[in-house]
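Each chain, letter by letter, is given below.
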2 protein chains.
Amino acid sequence: LQMPSVIVYGGRGALGHAIALHFKSHGYRVISIDVHSNEDSDISILVDVNSSWTEQEKSIMDSLSSKGIEEVEGVFCVAGGWAGGNASSSDMISNADLMWKQSVFSSTIAAKIAVKHLKKGGILTLTGAEAARSGTAGMIGYGMAKAAVHQLTKSLADKDAGLPEGATVVAILPVTLDTPMNRKWMPDADHSTWTPLSFIAEKFHSWSEKKDSRPTSGTLLSLKTNGGITHEEQH
Amino acid sequence: LQMPSVIVYGGRGALGHAIALHFKSHGYRVISIDVHSNEDSDISILVDVNSSWTEQEKSIMDSLSSKGIEEVEGVFCVAGGWAGGNASSSDMISNADLMWKQSVFSSTIAAKIAVKHLKKGGILTLTGAEAARSGTAGMIGYGMAKAAVHQLTKSLADKDAGLPEGATVVAILPVTLDTPMNRKWMPDADHSTWTPLSFIAEKFHSWSEKKDSRPTSGTLLSLKTNGGITHEEQH
């Protein structure tokens with residue numbers, strides 16, 4: 001009997017690493033896709049950030065095939081990043097370019113991976129942002145990229161989108177995640193309003209194993225944490 | 001006394017051309033930005049589609065400066081295109097790449113142009129799509145790009161977005177425009193449900209001259225045409 005497998009896109013980021021470790025500890029084989037290799041995963045597929053969108057797609061799809069990956073229980077795309085800039089910032093466009101590559105290249109390639117490797121009735125998650133549900137004047141490129149991911153989630157939930165039969169797609173919309181990097185850059189923030197990575201890892205695990213624990217396909221799931229407790233809001 | 005000026009980004013497309021001719025006929029100096037030169041405009045600035053996002057930005061901003069463009073009444077971004085493809089289409093990602101370049105490169109560079117060249121209280125328009133207000137399973141890249149333009153419009157309406165004081169930004173969200181290309185490809189469609197280009201050209205002219213004719217800044221303005229009559233819906 002083959003071990004159940006999941007793919008974590010962005011598996012070397014703080015959230016991706018937490019998800020990989022969580023699934024490993026529950027007996028899953030974890031395939032990480034990231035710009036850096038993840039020694040805690042069973043298989044690590046590297047992304048060349050300097051190659052184009054279609055080149056990244058081809059390289060990742062080829063790697064999955066050559067490593068013999070067939071069906072997985074879940075595809076979790078948690079790749080992304082953050083950069084600011086309003087319309088008058090000199091780096092607004094270069095930051096928008098970076099945000100698009102980090103969030104939208106990864107989310108669309110995750111969708112392609114799900115088309116080919118997700119089992120029927122499997123789970124695909126993408127990562128949006130609560131802030132991008134409205135305007136984000138001080139972080140224009142970030143907001144556009146996340147808004148695109150939100151709309152992609154709605155597209156993929158359609159029965160004609162091309163995902164495997166019965167699959168569910170959900171975007172999580174965090175406010176702020178409790179990561180080492182965020183603690184480093186915002187040491188004086190109220191950390192009890194930050195969403196613990198374990199909350200998301202456990203949620204993804206539950207969605208993988210219990211179909212009735214999932215939100216409806218196409219849901220944008222806002223994660224709002226207060227006093228250390230995370231509440232979900234569906235959009 | 002200098003003639004009033006407007007910038008039409010996508011000035012050689014069917015809609016852009018109609019807008020350019022309309023403003024010309026009302027005594028405006030028209031600056032066209034497009035991949036092809038527009039002989040009916042006063043100044044034509046060319047875009048190299050093979051150059052990167054930041055290279056296009058630099059080249060266009062430099063051209064505007066070198067041609068002595070100072071303040072304009074309006075910046076109208078009507079560049080864009082259409083391509084289909086669901087997640088299982090082999091060209092989904094190459095089409096998403098094209099859609100991003102056509103709609104989002106242009107919209108963000110139009111925002112940069114507005115920061116530098118739009119007069120106080122001027123008008124900036126972007127072009128979204130009614131379809132992208134929800135999922136677009138059969139045209140995934142198109143939907144993401146237009147959703148990004150919608151969110152950009154909300155961002156730019158914020159007082160801290162960097163646009164000139166008192167400027168208004170509006171995105172028009174057409175369903176189908178009555179263009180020669182659409183008539184060619186959809187000869188049997190009901191053309192009385194297509195929005196005439198003159199409706200949009202007149203709307204932009206009115207918004208340029210009468211501030212109280214404009215929707216609130218940040219509005220997504222759906223244009224729905226039935227029996228040849230176009231109705232507006234604000235979102």
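Residues numbered from 1 in each chain as written. Chains lettered and ligands numbered in written order. Predicted model: local features only at pLDDT ≥ 70, side-chain atom pairs only at ≥ 80, totals over all residues. Heavy atoms only, no water.

- Per an unreviewed UniProt entry, chain A is named Dihydropteridine reductase, and its organism is Pristionchus fissidentatus.
- Here is the UniProt Subunit (unreviewed entry) comment for chain A, exactly as written: "Homodimer." (UniProt positions renumbered as here; feature names shortened; annotations may be inferred.)

Details of the sheet that holds strand β6 (residues 168–174) of chain B
All names here are of chain B.
Right, so step 1: Pairing is mixed across the open sheet formed by eight strands, whose spatial order is β3-β2-β1-β4-β5-β6-β7-β8. The open sheet has two free edges, formed respectively by β3 (43–46) and β8 (229–234), since each of these has just one partner strand. The average undirected angle you get between the axes of adjacent strands in this sheet is 20°.
Right, so step 2: When strand β7 (residues 219–226) meets β8, the two strands line up antiparallel, connected through six bridges. Across the sheet, asparagine 226 pairs through a bridge with isoleucine 229, a residue of β8.
Right, so step 3: Across the sheet, helix α4 (residues 140–156) is in contact with β5 (118–127), β6 and β7; its angle to β5 comes to roughly 160°. (Pairing = 2+ DSSP bridges. Helix = DSSP H or I, 4+ residues; strand = E, 2+ residues; numbered from the N terminus. Axes fitted to C-alpha atoms, helices over the stretch in contact; angles between N-to-C directions. Contact = heavy atoms within 4.5 Å.)

What about the pairing of strand β2 (residues 29–34) of chain B?
Sheet faces and side chains relate simply in a regular strand, where the side chains alternate between the two faces.
Residue and element names in this part refer to chain B.
Right, so step 1: In terms of residue burial, β2 counts as a mostly covered element, since six of its six residues are buried.
Right, so step 2: Two strands pair when backbone bridges link them, and strand β1 (residues 5–9) and β2 are joined in this way by five bridges, in the parallel orientation. By the bridge assignment for β2, valine 6 is matched with valine 30.
Right, so step 3: A crossover links β1 with its parallel partner β2, the connecting element being helix α1 (residues 14–25), and its sense is right-handed.
Right, so step 4: Two elements, β2 and β3, share four bridges in a ladder whose sense is parallel. (Buried < 20%, exposed > 50% of the residue type's maximum accessible area, 1.4 Å probe, protein only. Right-handed = clockwise from strand over helix to strand, strands pointing away.)

Observations concerning the relation of the copies chain B and chain A
Right, so step 1: Take chain B, turn it by 180°, move it 0.0 Å along the axis, and it overlays chain A with an RMSD of 0.0 Å. Interpreted geometrically, this transformation is the action of a two-fold axis. Using C-alpha coordinates, one finds that chain B approaches the rotation axis most closely at alanine 148 of chain B, a distance of 2.7 Å.
Right, so step 2: Of all interface residues in chain B, 100% are interface residues in chain A too; the two copies therefore contact each other through one and the same surface. (Least-squares fit on C-alpha atoms with pLDDT ≥ 70 in both.)

Here's the deal with the interface of chain B and chain A
Right, so step 1: The partner chain A presents 38 residues to the 38 residues of chain B that form the contact.
Right, so step 2: Note on chain B versus chain A: buried area summed over both sides is about 3,000 Å², and carbon and sulfur give 72% of it.
Right, so step 3: The largest contributions to the chain B side of the interface with chain A come from Ile93, Met144 and Gln151 of chain B, which together make up 23% of the buried area.
Right, so step 4: In this structure, the connection of chain B to chain A is made through zero salt bridges.
Right, so step 5: For the side of chain B that touches chain A, the elements supplying multiple residues, two or more each, are α2 (53–66), α3 (92–117) and α4 of chain B.
Right, so step 6: At 11 residues, the largest contribution of residues to the side of chain B that touches chain A is made by α3 of chain B.
Right, so step 7: Split by residue class, the side of chain B that touches chain A holds 18 nonpolar, 14 polar and six charged. (Buried area = accessible area lost by both parts, 1.4 Å probe. Salt bridge = Lys/Arg side-chain N within 4 Å of Asp/Glu carboxyl O. Nonpolar A, V, L, I, M, F, W, Y, C, P; charged D, E, K, R; others polar.)

Topic: the nonpolar core
Right, so step 1: Counting 103 residues, the largest nonpolar core has Leu156 of chain A together with Leu156 of chain B as its most contacted members.
Right, so step 2: Setting aside residues up to four positions removed in sequence, leucine 156 of chain B forms contacts with Ala87 and Ile140 of chain A together with Ala111, Leu124, Leu126, Ala161, Leu163 and Val169 of chain B. (Core = buried A, V, L, I, M, F, W, Y, C linked by side-chain atoms within 4.5 Å.)

Focus: helix α2 (residues 53–66) of chain A
The periodicity of an α-helix, 3.6 residues per turn, causes residues three or four positions apart to be oriented the same way.
Right, so step 1: Between its first and last C-alpha, α2 of chain A extends 20 Å over 14 residues, near the 20 Å set by a 1.5 Å rise per residue.
Right, so step 2: A positive phi of about 75° marks glycine 68 of chain A, the residue just after α2 of chain A. (Expected span 1.5 Å × (residues − 1).)

Topic: the environment of valine 8 of chain B
Residues and elements named next belong to chain B.
Right, so step 1: Here valine 8 shows up in strand β1.
Right, so step 2: A relative accessible area of 1% places valine 8 in the buried class.
Right, so step 3: Measuring from C-alpha to C-alpha, the distance between valine 8 and isoleucine 113 comes to 11 Å, with 105 residues separating the pair along the chain.
Right, so step 4: Apart from the residues lying within four places of it in its own chain, the contact partners of valine 8 are Gly16, Ile19, Val30, Ile31, Ser32, Ile33, Phe76 and Val78.

Considerations on the sheet that holds strand β2 (residues 29–34) of chain A
Residues and elements named next belong to chain A.
Right, so step 1: Ordered in space as β3-β2-β1-β4-β5-β6-β7-β8, the eight strands form an open sheet in which the pairing is mixed. At either end of the open sheet lies a strand with only one pairing partner, and these are β3 (43–46) and β8 (229–234). Mean inter-strand twist for the sheet, computed between neighbouring axes without regard to direction, equals 20°.
Right, so step 2: Sitting on the sheet, helix α4 (residues 140–156) is in contact with β5 (118–127), β6 (168–174) and β7 (219–226), with an inclination near 160° to β5.

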